[in-house]
Amino acid sequence: MSVTIYVPRDSAAIALGANDVAVAISGEAKKRGVEIHIVRNGSRGMFWLEPMVEVATAQGRVAYGPVDPADVAGLFDAGFVQGGAHALEQGLTEEIPYLKNQERLTFARVGITDPVSLSDYLAHEGYAGLRRAIGMSSEAIVQEVLDSGLRGRGGAAFPTGIKWKTVANAQAAQKYIVCNADEGDSGTFSDRMVMEDDPFVLIEGMTIAGLAVGATQGYIYVRSEYPHAIAALNEAIATASQNGYLGANILGSGKAFRLEVRMGAGAYICGEETALLESLEGKRGVVRAKPPLPALEGLFGKPTVINNVISLATVPIVLARGAAFYKNYGMGRSHGTLPFQLAGNVKYGGLVEKAFGLTLRQLLEDFGGGTLSGRPIRAVQVGGPLGAYMPQQQLDTPLDYEAFAAIGAMVGHGGMVVFDDSVDMAQQARYAMEFCAIESCGKCTPCRIGSTRGVEVIDKIISNDNRPQQVHLLRDLCDTMLNGSLCAMGGLTPYPVLSALNHFPEDFGSPTEKAA
Amino acid sequence: MNREQPFDVGAVRDVIAARRHMPGAMLPILHGIQDAVGFVPADAVPMIADALNVSRAEVHGVISFYHHFRQQPAGKHVIQVCRAEACQSVGSEALARHAEKLLGCAFHETTADGQFSLEPVYCLGLCACGPNVVVDGELHARVGADKLDRLLQAKRGAS
């Protein structure tokens, strides 16, 4: 009997050598006359173990990792095809504490299934949400999403159901569903993982959105830096179309929904929803002034739902299990779960889907295991390049949208980048301004000019040129950007800058504290 | 500097013909051209403008707005080093300086022999296993100076 062996096709696993490992395993099996069947699954998101190879046994899947091609012969010698003991053996995958202690709802299938296999998807609760939605009125679908408490997972945390309701109520001959898959923030990879490791869940979520608001066309705008995600989505869309899950007559309902992937072109600002729409229309990705809201005048001037990947990929489980099931996770007004992403200088970096409410410290220590370098954590940037740098004394803040907002930080999309005590926070503040200067769309002055002046002012602070006056000027400049910018690019760049200045004044040569 | 590079005019014409009727066809056309000929030649601009019924200035404006599009061919091998925060936190700036020294060219430049172009990239979504590098489209995670030396040596050997 042939043994099923799983070798991830997730691009992080590939970057760590998964393709070579798959080749080595199939070559070694052939040499030894062992019958195996290799499934290229998604990643479980435990990147320190990648490439992580799993073997199906009667007890469940047994994990081995991180596997190097040079380890493969030894693994066969140790009888790993029967789940045999080996130095790289991690036991039953599902029992690995990092994974076991998560609450995987949106990521329920990620790492388990073959991402581009429709039958695998269907065998693991796939399309249960769409099947239920098809029997419901559009109002009822929107209500279900409203009742779930789902808020936009891209960062702004606006209630998804309200956005949908606005589009559903708009009158127009054509409406659109647009998925914002321009995940350009450093420290985030949950969108990438969904697209590469479970693309059908995003397709299903967008199809449900289409039924809910009366849209027949969807676009997934994916950044050009994610070619593996684009390939997986295109393959899954073709399969879904061939099998009646997309197209003119979805599951015989008489309703139509078509889906197309569009590739971005390396502009960070296109993660901002109106700039993304401009880009989809074939123009420079310049931010639009709101109103009108995209819900009323969006893509090609038509009513448009524009949501992040995780928001849309969470819709299927909300429909399949019901709003109450999802809403019961979380704390306060932050309902459900968020796939947190542990990145940067962290020992056990990876994806942790948990209900809102645990503290940042629990995530960094219990899951992350501290820094990779073994030095103390000094700062954690939460929520992307426009998120605040949080110092040690703020790490006990619960992960909840409101609790973070109260201390001038943001949960955003749940990406966190860990820095040890060797970091120079003045350089990080400078980088934030420089990044804004490079990536600004240029439409509004506070962002376009402010960021360039910001770099100059921080350079003067670093070189101790009129330091007190320059710090005063930097704060004034941040105030202008915060309150005067057209969108979040210029409006949030002060977050990393001011948090670095406020929490780590010694790095800016503050006379009150000595530099380390 | 403005000397036009030779390119396959027929390939550009085919891409435009195949994609001009897509809604918002500009980016798909530019991607198609760059995939086919390696960059977006200046002489393709009037062809695109004509097909989409927009001005040449608009086409040029789009090409120059997006970092992905090239107006000149790249070197034979393209090396991209991630310079975003997560990679910075594990030493990507030192790696970036090492890459410049190794190749003898700065970021956004091509080596004098035309073999290597060095470019920054801001996030590949591999932020839990940096520093990350892309060599001719292939992803490499946890790249230190030694690994970068090996990757470049392999390309030198192959060329």
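Just so it is clear, the structure is predicted and the values come from calculations on it, not from any experiment.

Undergrad: I would appreciate a short explanation of the overall build of chain A in the present structure.
TA: For chain A, the count of helices and strands is 21 helices and 16 strands. Overall size of chain A, expressed as C-alpha extent along the three principal axes, is 75 × 60 × 40 Å. For chain A, the residues scored as buried account for 62% of the 516 residues in total. Considering only intrachain contacts with a sequence separation of at least 6, the fraction spanning at least 24 residues in chain A is 71%. Total accessible area on chain A is roughly 18100 Å²; 51% of this is exposed by carbon and sulfur atoms.

Undergrad: Is there a simple way to think about the overall build of chain B in this case?
TA: Along its length, chain B carries 7 helices and 5 strands. Mapped from its N terminus to its C terminus, chain B presents α and β elements in the order α-α-α-α-β-α-α-β-β-β-β-α. Expressed as a percentage of the 159 residues in chain B, the buried residues total 50%. A sequence separation of at least 24 residues applies to 58% of the contacts in chain B between residues at least 6 apart. Treating the 15 positive side-chain charges of chain B as one cloud and the 17 negative ones as another, the clouds have centres 4 Å apart.

Undergrad: Sorry if this is basic, but what is going on with the side chain of Arg61(A) here?
TA: All names here are of chain A. Looking at the element boundaries, arginine 61 is found in strand β4 (residues 60-64). Reaching out from arginine 61, the side chain makes a polar contact with the backbone oxygen of glycine 111 at a distance of 3.1 Å. Setting aside residues no more than four positions away along its own chain, arginine 61 makes contact with Tyr6, Asn41, Arg44, Glu54, Val55, Ala56, Gly91, Leu92, Thr93, Gly111 and Ile112.

Undergrad: Just checking my understanding: could you explain the sheet that holds strand β6 (residues 176-181) of chain A for this structure?
TA: Backbone hydrogen bonds are what pair the strands of a sheet, in a parallel or an antiparallel way. Residues and elements named next belong to chain A. Read across the open sheet, the 4 strands follow the order β8-β7-β6-β9; overall the sheet is parallel. Looking at strand neighbours, the two that pair on one side only are β8 (258-263) and β9 (304-308), the edges of this open sheet. Strand-to-strand twist across the sheet, computed as the mean angle between neighbouring axes with direction ignored, equals 20°. Pairing between strand β7 (residues 217-222) and β8: 6 bridges, direction parallel. In the sheet register, tyrosine 219 faces β8, and the bridge partner there is glutamate 260. Contacting β6, β7, β8 and β9, helix α10 (residues 199-213) crosses the sheet at an angle of about 145° to β6. The strands that helix α13 (residues 309-321) touches are β6 and β9; relative to β9, the one it contacts most, it runs at about 95°.

Undergrad: So what exactly am I meant to see when it comes to the pairing of strand β16 (residues 415-420) of chain A here?
TA: The side chains of a regular strand alternate, residue by residue, between the two faces of the sheet. Residue and element names in this part refer to chain A. For β16, the buried fraction is high: 6 of the 6 residues fall into the buried class. Here β16 shows no split at all, with Gly415, Val417 and Phe419 on one side and Met416, Val418 and Asp420 on the other all buried. The sheet contact formed by strand β14 (residues 377-382) and β16 spans 5 bridges and is antiparallel. Residue pairing for β16: valine 382 is matched across the bridge by methionine 416.

Undergrad: Please clarify how the environment of Tyr98(A) should be interpreted in this entry.
TA: All names here are of chain A. Position of tyrosine 98 relative to the elements: it lies in helix α4 (residues 97-100). Note: C-alpha distance between tyrosine 98 and threonine 452 (354 residues apart in sequence) is 42 Å. Setting aside its immediate chain neighbours within four residues, tyrosine 98 contacts Gly45, Met46, Trp48, Leu342, Tyr348, Gly349, Gly350, Leu351, Val352 and Phe367. Within the structure, tyrosine 98 has its side chain in polar contact with the backbone oxygen of tyrosine 348 (distance 3.0 Å). There is a polar contact of 3.4 Å between the side chain of tyrosine 98 and the backbone nitrogen of glycine 350.

Criteria and thresholds
Residues numbered from 1 in each chain as written. Chains lettered and ligands numbered in written order. Predicted model: local features only at pLDDT ≥ 70, side-chain atom pairs only at ≥ 80, totals over all residues. Heavy atoms only, no water. Helix = DSSP H or I, 4+ residues; strand = E, 2+ residues; numbered from the N terminus. Buried < 20%, exposed > 50% of the residue type's maximum accessible area, 1.4 Å probe, protein only. Contact = heavy atoms within 4.5 Å. Areas by Shrake-Rupley, 256 points an atom, 1.4 Å probe, with all protein chains shown as cover. Lys, Arg positive; Asp, Glu negative; His and termini not counted. Charge placed at Lys NZ, Arg CZ, Asp CG, Glu CD. Polar contact = N/O pair within 3.5 Å; in protein donor to acceptor, adjacent residues only side chain to side chain. Pairing = 2+ DSSP bridges. Axes fitted to C-alpha atoms, helices over the stretch in contact; angles between N-to-C directions.

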